[in-house]
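Topology and contacts: notes
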Amino acid sequence: MNPVTILIAEDEPAIADTVAYALRAEGYAAEHVLLGGAVLPRVRAGGIDLVVLDVGLPDISGFDVCRALRASSDVPV
């Protein structure tokens, strides 16, 4: 059985690395994207069980990313 995969959308690498480390230590798989525009394509590609979303991303507001996700996916955010 594959571990739960969590996508971290965070533009600060130090924060993303810390969160990913903590998630992996608990047995989750973690992936990281720097921009909000990368979230939807990654979720559409499949295999993402949860998204941890920064609301202050440099390209698109995290709120806008969340709205776009809700229009096409029921992945928890």
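Before reading on, note that the structure itself is shown above.
Throughout, residues of each chain are indexed from 1 in the direction in which the sequence is written. Residues qualify for local features only when their pLDDT is at least 70, as the model is predicted, and side-chain atom pairs are given and counted only at 80 or more; totals for whole chains, interfaces and linings, by contrast, use all residues. Hydrogens and waters are ignored; side-chain quantities use all the structure's heavy atoms.

Comment: elements are numbered from the N terminus, with helices defined as DSSP H or I runs of at least four residues and strands as E runs of at least two. Of regular secondary structure, the protein possesses three helices and three strands. In the protein, the order of α-helices and β-strands from amino to carboxyl end is β-α-β-α-β-α. Here the C-alpha coordinates of the protein stretch approximately 30 × 30 × 15 Å along the principal axes. Within the protein, the proportion of its 77 residues that are buried is 32%. Per element, the accessible surface of the protein, about 4,600 Å² overall, is 58% carbon and sulfur. The positive count covers Lys and Arg only, the negative count covers Asp and Glu only, and His and the chain ends enter neither. A charged residue contributes its charge at one atom only: NZ of Lys, CZ of Arg, CG of Asp or CD of Glu. Computed over 5 positive and 11 negative side-chain charges, the separation of the two mean positions in the protein equals 8 Å. Only protein chains enter the calculation, and the probe is 1.4 Å; a residue is then buried if its accessible area is under 20% of its type maximum, exposed if over 50%, and partly exposed in between. Using the Shrake-Rupley algorithm and a 1.4 Å probe, accessible areas are obtained, with residue cover drawn only from the displayed protein chains.

Looking at the element boundaries, Tyr-28 is found in the loop between α1 (13-25) and β2 (29-33). Using a relative accessible area of 36% as the deciding quantity, one classes Tyr-28 as partly exposed. Beyond its immediate chain neighbours, meaning those up to four positions away, Tyr-28 contacts Val-4, Ile-6 and Leu-23. The contact definition used throughout considers only heavy atoms, calling two residues in contact when any of these lie within 4.5 Å.

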